[in-house]
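Tertiary structure, described
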Amino acid sequence: MRILMICPAPPRSLYGNRVSALRWARILRRLGHRLQIAQLYQGQPCDLLIALHASRSADAVLRFHELHPQKPIVVALTGTDLYRDLPRDPRARQALQLATRMVALQPLARLELAPHLRSKVTVIYQSAPRTPSPVRPRRRFFDVCVVGHLREVKDPLRAALASRLLPADSRIRVTQAGTDMEEGMAEQARAEQARNPRYRWIGGVARWRVRRLIASSRLMVLSSRMEGGANTISEAAVDGVPVLASRIPGSVGLLGNNYPGYFPVGDAVALARLLRRAETDRRFYAKLKAWCSSLAPMFHPARELAAWRKLLRELAAPR
């Protein structure tokens, strides 16, 4: 099958949509399909259109359907689609009406859609392989990692602010990896590092270093205000690293409603309490670790591959 994937984020950019597009392109090529990634639809010949981001790719979806009303369209739902743009963007809602199927990264995404659209949704969990060569956490520190680019929507310095509230005898140290992608974020991170001895920002680093950072940490903090379904949760789970997460639908959809490691969005005090409890309460830490480790099979690469294979076979069947 010839597949055209529309990704509004430019080539070589670090936005999550471009990273997802490249991941999915590798999977679809592995399944034997021919695939091209483009920012715009300009009449390129294809058998299937996959559009990342309902709002920003709406024009491509509408134009493709106008020219090829019988050909299938898949819209991949992002966090900004689900939790910001759809209620206020009629063209995005129109794109979902025209979509043959939609792909979401976690099951709670369905609840953000009109009831008549929910049957179109296929949930495909983003997979992650285990980090090769086991990395043991350091004994001297209780290392906590934060992984993600510095953007306001990620509330990136929440773990650093929480670490300021810890007692003097705490061994917690927060290491943050990610490129500054919004003006002023680098300055904020450097200023925090200068006044907070528990925090260090290492900037953008190679993917293998990110994975080893996660694997060598006692905890990962995901403090986002909005997520479609973070791949970092997959990466932490397969390496048995517990997650402390802001209670947002994109994370609850992956970790489960009753997961004990949530804190309210933007609440540094609540996060500091969780950090301290994880550091000092062995039973609580073991519960977090066992819960996250139990999710690992959900993020196996073979499962993601099989989900895409099944979806594409369904789309290729006569309708």
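Everything here concerns the structure above.
**Quick notes on the side chain of Ser127**
If you trace the backbone, Ser127 turns up in the loop between β6 (121-123) and β7 (142-147). Side chain to side chain, Ser127 and Glu304 meet in a polar contact 2.5 Å long. Residues within four places of Ser127 in sequence aside, it is in contact with Arg23, Asn231, Ser234, Phe299, His300, Pro301 and Glu304.

**Looking at the pattern of salt bridges**
Counted by the stated rule, this structure contains 20 salt bridges. Salt bridges linked by common partners bring Glu152, Asp155, Arg158 and Arg225 together as one network.

**Some words on the environment of Gly203**
Its place among the elements puts Gly203 in strand β9 (residues 199-203). By relative accessible area, Gly203 is classed as buried at 11%. Counting along the chain gives 23 residues from Gly203 to Asp180, while the straight-line C-alpha distance between them is 7.4 Å. Beyond its immediate sequence surroundings of up to four residues, Gly203 is in contact with Gln176, Ala177, Gly178 and Thr179.

**A look at the pairing of strand β11 (residues 243-246)**
Residue alternation in β11 divides its side chains into two sets, Val243 and Ala245 and Leu244 and Ser246, and both sets are buried. Here strand β10 (residues 219-222) pairs with β11 via three bridges, running parallel. Bridge pairing links Leu222 to Ala245 in β11. Note: β11 against strand β12 (residues 262-263), two bridges, orientation parallel. By the bridge assignment for β12, Ser246 is matched with Phe263. This β-α-β element, β11 to helix α9 (residues 249-255) to β12, shows right-handed connectivity.

Parameters and conventions
Residues numbered from 1 in each chain as written. Predicted model: local features only at pLDDT ≥ 70, side-chain atom pairs only at ≥ 80, totals over all residues. Heavy atoms only, no water. Helix = DSSP H or I, 4+ residues; strand = E, 2+ residues; numbered from the N terminus. Polar contact = N/O pair within 3.5 Å; in protein donor to acceptor, adjacent residues only side chain to side chain. Contact = heavy atoms within 4.5 Å. Salt bridge = Lys/Arg side-chain N within 4 Å of Asp/Glu carboxyl O. Buried < 20%, exposed > 50% of the residue type's maximum accessible area, 1.4 Å probe, protein only. Pairing = 2+ DSSP bridges. Right-handed = clockwise from strand over helix to strand, strands pointing away.

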